[in-house]
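Here's the letter readout for the chains.
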Amino acid sequence: MSGYFEEYRKKLTTPEKAVADIQDGATIVPGMVNAEPFALLAAIADRARQGDLKNISVYFLHPAENAAMTILAPDLCDCIQVYTWFVGLADRARVRVGLNYFVPNYFHQIPRLLKDFMQIDVTVATVSPMDKAGYFTFGTSNDYTSTAARYCRKLIVEVNEQMPRIFGDSLLHISEVDAVVENSAPLFESIPQELDTEDEIIGKSVAGMVPDGATIQLGAGNVPNAIAHYLVGHKDLGIHTELFCPSMVDLIEKGVVTGRRKTLHPRKNVFTFARGTKRMYEFMDNNPTMESYPVSYVNDPAVIAQNENMISINSILEVDLLGQCNAEFMGGYQFSGTGGQLDFVRGAFDSKGGKSILAFHSTAKSGEVSRVVPRFEAGTVVTTPRMDAQYLVTEQGVIDLKGKSTRERALDIISIAHPKFKDGLMREAENMYLI
Amino acid sequence: MNIYAAEYKKKLTTPEKAVELIKNGDTLVNGSTISEPPALLAAVADRAREGSLKDIKVYSSLPMEYAAKTVLSPDLSDCIQAYSWFVTAADRARVKVGLSYYVPNYIHQIPRLCSDYMDIDVVITTVSPMDKAGYFTFGAVNDYTSVAARNCKTLVVEVNENMPRVFGDSLLHISEVTAVVENHVPLLEMTSPEPKPEDEIIARHIAEMVPDGATIELGLGGIPNAIAHLLEGRKDLGIHTGVFVPVMVDLIEKGVITGRKKNLHPRKHVFMVAQGTRRMYDFINDNLSMESYPASYTEDPSIIAQNDNMISVNTIIEVDLTGQCNAEYLAGSQFSGTGGQLDFVRGAFNSKGGKSIQAFYSTAKKGKASRIVSRFEPGTVITIPRMDTHYLATEYGVVNLKGKSTRDRALDIINIAHPKFRDELLREAENMYLI
């Protein structure tokens with residue numbers, strides 16, 4: 001047995017013992033999404049439930065199922081204060097009533113917030129099994145997890161043999177780890193939804209904006225799935241993305257994505273976290289073309305811009321007639337987060353030949369409300385400032401706002417609203433002296 | 001006579017003849033602020049007034065009195081459509097009623113808007129006299145003017161012997177110029193308003209945040225003046241700024257600013273435009289330590305960030321309880337512009353040891369209105385997204401918002417509001433479930 005396996009065995013313990021010396025008042029950062037370590041989070045929740053832990057702060061970005069089943073239990077909110085960098089289904093209601101606190105951020109800056117603006121006591125994260133050289137990998141979750149792991153007083157890893165082994169800058173050595181627990185559990189799967197007519201129209205027109213040889217970033221959701229569907233005829237696309245998702249595997253296997261014309265990391269599919277299907281996780285495992293890096297690298301606008309013909313595609317909730325976009329706030333509350341949207345909007349615009357595209361349905365609530373509005377409600381949060389907004393796409397058309405005056409913007413934006421709302425929007429634009 | 005002088009003589013003409021190069025339907029860009037060419041602008045206005053120019057578009061930033069008296073004259077608005085990248089007293093009323101159109105932008109991107117998004121027919125601008133090697137310089141104004149001058153069909157320069165000769169990337173060769181006119185009028189001068197007692201209180205907080213060896217960016221105004229005054233004991237400060245202003249000359253002459261610790265352009269005072277007094281223009285003239293560059297360089301956040309300990313100080317009109325800042329919109333219409341504010345906010349935060357500071361009075365309208373508001377009015381423009389906001393400073397203190405939750409932000413921001421508004425702000429924060 002090599003020295004590394006000996007060290008591994010020495011550090012191997014039970015979840016209960018691993019979390020036993022977490023102190024009252026500690027700040028804990030768990031790994032993100034698939035790297036949420038279920039056994040460790042459950043052990044922490046148990047200690048809290050026994051009245052054995054107080055004043056704990058836990059920071060999540062987009063808490064997922066394992067967090068929802070453990071730390072986020074409502075009966076623990078007196079001893080565990082949860083902070084969130086991106087609101088999801090698991091904590092939306094809690095954030096709304098002030099039980100969880102939202103922390104505004106750019107995704108690419110979270111590693112720096114961890115290093116320079118926080119004092120992390122304990123990081124707990126799921127990793128792939130250790131190899132013969134003593135290395136785990138951060139698997140599907142590099143994002144800020146890799147940075148949190150290196151800027152904490154104590155690092156506990158939960159080894160999951162189902163977590164893929166990933167290359168890039170994803171390594172973690174046994175000597176950097178304080179304690180190891182083992183827990184084999186399937187990773188989360190996201191099932192794609194049925195596409196509707198708007199998705200198909202938008203997917204087709206956005207795919208038409210992507211040249212052969214482009215490097216693409218897609219988010220999660222129906223519109224990106226539809227776009228991927230219409231990219232099957234393209235050649236030599238590349239991937240530099242925040243989220244790696246199943247539609248990308250299809251494009252790789254069909255030979256559409258080759259990465260051969262990428263100007264940064266050619267031939268490599270670069271991502272910072274992954275969420276999808278079992279088939280996708282198996283595709284990623286031990287695959288030398290798959291490289292993950294910390295989000296401070298992948299989402300840094302200056303790094304994104306080094307990919308020529310970078311096409312970034314994201315979605316928004318609403319746009320006003322000035323071109324300000326809200327992608328995170330709804331009905332007066334935090335609905336999701338900024339995430340990497342503005343990172344990619346800025347990076348893609350600065351890329352030679354690049355385009356940043358915000359694609360959305362022109363209406364919401366079964367067509368009852370327009371997502372194109374004259375003004376935002378008081379207190380609305382702006383995710384993409386009007387200075388940054390470039391292409392906007394709905395099922396009604398495609399417009400480019402860069403360099404346009406407020407008058408041209410208002411007219412262009414109204415042109416991609418649903419026809420039944422256009423008259424009302426024109427009247428409001430006149431009232432606002434925009435046209 | 002050397003060959004360049006001969007070429008100069010061949011291109012030298014009268015303003016009346018020079019503007020005959022302009023055709024109906026042309027897009028014209030004029031040099032901004034101090035480089036507005038008075039003789040050429042007057043000749044353009046005269047032609048338009050005689051009815052011999054139609055459908056002209058004029059783009060500029062920060063229009064001053066020469067533009068106000070000529071191309072922005074109300075009687076010409078049928079034949080000259082003005083577009084503004086930054087609104088001033090000269091065009092605020094016009095923009096408000098839709099007579100001039102505002103074009104949202106980041107100042108660092110205006111050069112790219114000129115080269116990639118516009119088709120410029122004619123550029124007119126003021127330059128310093130030609131030297132023996134055939135070079136004019138863009139003098140006090142580099143910003144987008146130097147880039148527009150190289151991305152147009154016709155370039156007419158107005159030589160003014162009072163325009164300083166400036167180094168850096170400010171050269172323009174006689175061979176690049178279509179026509180030359182001469183007009184030796186005093187440059188426009190800009191002075192700061194009388195200091196208020198609040199200025200010094202706010203300045204005290206900020207001066208403490210500037211370490212020896214820092215590189216600073218300051219604008220015109222009472223607060224920056226007061227800060228400069230309090231920096232007199234510092235050592236080896238440097239300048240990387242959008243606007244070069246008179247107080248910087250004082251600090252250079254007193255030996256406080258040496259630029260010796262700068263890691264980008266050491267010993268050089270780097271700026272994009274200079275606005276100030278005759279004494280300042282004389283100081284800049286033929287001074288090897290003064291270097292100007294296009295806005296695409298000086299205001300590029302990733303260039304700004306290469307200066308370690310970059311301290312950027314700007315001001316805002318209002319901030320909401322989530323940390324969103326508005327620096328450009330007042331009572332439902334465009335008051336000023338984004339300018340280089342967000343460029344410096346982002347660049348300074350990304351600088352090693354850097355800080356971006358928004359300094360403002362806690363109240364407006366003689367204390368009747370709070371500049372700290374619970375929510376912005378519907379339709380307000382966000383200049384600094386809450387994700388970017390770093391330090392806020394009023395006469396009641398300084399707060400850092402980076403990495404803070406919405407709860408901590410609301411409490412911190414209320415702490416620097418005027419005491420008479422704090423109770424109401426706390427009540428509103430509760431209603432919004434922020435605290």
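If you're wondering where the values come from, they're calculated on a predicted model, not measured in any experiment.

Participant: Can you walk me through the overall build of chain B in this structure?
Facilitator: Helix and strand counts for chain B stand at 16 helices and 27 strands. Expressed as a percentage of its 435 residues, the buried residues of chain B come to 58%. Contacts spanning at least 24 positions in sequence make up 73% of the contacts within chain B whose residues lie at least 6 apart.

Participant: Teacher, can you tell me more about the overall build of chain A here?
Facilitator: A count of helical and extended segments in chain A gives 16 helices and 27 strands. In terms of C-alpha radius of gyration, chain A reaches 22 Å, essentially the compact-globule figure of 22 Å for 435 residues. Taking the principal axes of its C-alpha atoms as reference, chain A extends roughly 70 × 50 × 35 Å. Sorting the 435 residues of chain A into buried and exposed places 57% on the buried side. In chain A, once contacts between residues fewer than 6 apart in sequence are set aside, the share between residues at least 24 apart is 73%.

Participant: Just checking my understanding: could you explain the nonpolar core for this structure?
Facilitator: Looking at soluble globular proteins, one finds that nonpolar side chains tend to be buried together. If you look at the biggest cluster of nonpolar residues, it comprises 277 residues, and the most contacted ones within it are Leu40 and Leu392 of chain A together with Leu40 of chain B. Dropping the residues within four chain positions of it, leucine 40 of chain A is found in contact with Pro15, Ala18, Val19, Val124, Ile156, Glu158 and Val181 of chain A.

Participant: What is the right way to read helix α15 (residues 406–415) of chain B from this model?
Facilitator: An α-helical turn contains 3.6 residues, so any two residues separated by three or four positions project in the same direction. If you check which residues of α15 of chain B are buried, you get Thr406, Arg409, Ala410, Ile413 and Ile414 of chain B. Buried residues in α15 of chain B, looked at end-on, bunch into an arc of 125°, giving them a common side.

Participant: Help me understand the sheet that holds strand β19 (residues 325–326) of chain A in this model?
Facilitator: Strand pairing in a sheet relies on backbone hydrogen bonds. The paired strands run either parallel or antiparallel. All names here are of chain A. In spatial order, the strands read β19-β18-β25; together these three strands make up an open sheet with mixed pairing. Only two strands of the sheet have a single partner each, and these edge strands are β19 and β25 (372–373). With two bridges connecting them, strand β18 (residues 318–320) and β19 associate as antiparallel partners. Paired with glutamate 318 across the strands is asparagine 326, a residue of β19.

Participant: Looking at this structure, I do not really get helix α15 (residues 406–415) of chain A. What am I missing?
Facilitator: If you check which residues of α15 of chain A are buried, you get Thr406, Arg409, Ala410, Ile413 and Ile414 of chain A. Buried positions in α15 of chain A, seen along its axis, are confined to an arc of 125° and lie on one side of it. Against the buried residues of α15 of chain A lie β18, β25, β26 (391–394), β27 (397–400) and α16 (419–431) of chain A together with β4 (101–102) of chain B.

Participant: Looking at this model, I keep getting lost on the interface of chain B and chain A. Mind explaining?
Facilitator: How large an interface is tends to be reported as the accessible area lost when its parts come together. Each side of the interface is counted separately: chain B has 37 residues, and chain A has 35 residues. The set of elements that each furnish at least two residues to the side of chain B that touches chain A consists of β4, α6 (110–117) and α15 of chain B. Each residue belonging to the side of chain B that touches chain A can be placed in one class, and the counts come to 18 nonpolar, twelve polar and seven charged.

Participant: So what exactly am I meant to see when it comes to the sheet that holds strand β2 (residues 56–61) of chain B here?
Facilitator: The strand order β4-β3-β2-β1-β5-β7-β10 (chain B) describes an open sheet built from seven strands, whose pairing is parallel. With partners counted over all chains shown, the strands left at the sheet margins are β4 and β10 (179–182) of chain B, one partner each.

Participant: Is there a simple way to explain unusual backbone geometry in this structure?
Facilitator: Comment: phi is negative for the bulk of residues other than glycine, and the bulk of peptide bonds are trans. Residue and element names in this part refer to chain B. The phi torsion at histidine 265 lies on the positive side, around 50°, for a residue other than glycine. Relative to the helices and strands, histidine 265 is located in the loop between α10 (246–253) and β14 (269–271). Residue class for histidine 265 comes out buried when judged on the 20 C-beta atoms lying within 10 Å of it. Its identity is not glycine, yet aspartate 286 carries a phi of approximately 55°, on the positive side. Its location among the elements puts aspartate 286 in the loop between α11 (278–284) and β16 (290–292). For aspartate 286, a count of 14 C-beta atoms within 10 Å translates into the label partly exposed.

Participant: Would you explain the pairing of strand β3 (residues 80–84) of chain A in this entry?
Facilitator: It is a general feature of regular strands that their side chains alternate between the two faces of the sheet. Residue and element names in this part refer to chain A. The buried count for β3 comes to four of five residues, which makes it a mostly enclosed element. Where strand β2 (residues 56–60) lies against β3, five bridges are found, and the strand directions are parallel. Considered in β3, the bridge of tyrosine 59 is made with tyrosine 83. Alignment of β3 against strand β4 (residues 101–102), held across two bridges, turns out to be parallel. In the sheet register, threonine 84 faces β4, and the bridge partner there is phenylalanine 102.

Participant: It is not clear to me how the pairing of β2 of chain B should be interpreted in this structure. Could you clarify?
Facilitator: All names here are of chain B. A large share of β2 lies buried, amounting to five of its six residues. Read from strand β1 (residues 27–30) through helix α3 (residues 38–49) to β2, the crossover connection turns out right-handed. Sheet analysis places β2 next to strand β3 (residues 80–86), joined by six bridges and oriented parallel. Across the sheet, residue valine 58 finds its bridge partner in β3, namely alanine 82.

Participant: How should I be thinking about the domain arrangement of chain B in this particular structure?
Facilitator: Residues and elements named next belong to chain B. As assigned here, chain B comprises domain 1 (3–182) and domain 2 (197–431). Centre-to-centre, using C-alpha coordinates, domain 1 lies 29 Å away from domain 2. On the domain 2 side, the residues contacting the 33 residues of domain 1 number 28 residues. Elements with a contribution of two residues or more to the side of domain 1 that touches domain 2: β3, α5 (92–96), α6, α7 (145–150) and β8 (167–168). Looking at the side of domain 1 that touches domain 2, its residues break down into 19 nonpolar, eight polar and six charged.

About the cut-offs
- Residues numbered from 1 in each chain as written.
- Chains lettered and ligands numbered in written order.
- Predicted model: local features only at pLDDT ≥ 70, side-chain atom pairs only at ≥ 80, totals over all residues.
- Helix = DSSP H or I, 4+ residues; strand = E, 2+ residues; numbered from the N terminus.
- Buried ≥ 20, exposed ≤ 12 C-beta atoms within 10 Å, placed from the backbone.
- Contact = placed C-beta atoms within 7 Å.
- Rg over C-alpha atoms; globule rule 2.2 N^0.38 Å.
- Core = buried A, V, L, I, M, F, W, Y, C linked by C-beta atoms within 7 Å.
- Arc of directions from axis to C-beta.
- Pairing = 2+ DSSP bridges.
- Nonpolar A, V, L, I, M, F, W, Y, C, P; charged D, E, K, R; others polar.
- Right-handed = clockwise from strand over helix to strand, strands pointing away.
- Domains from an automatic or database assignment.

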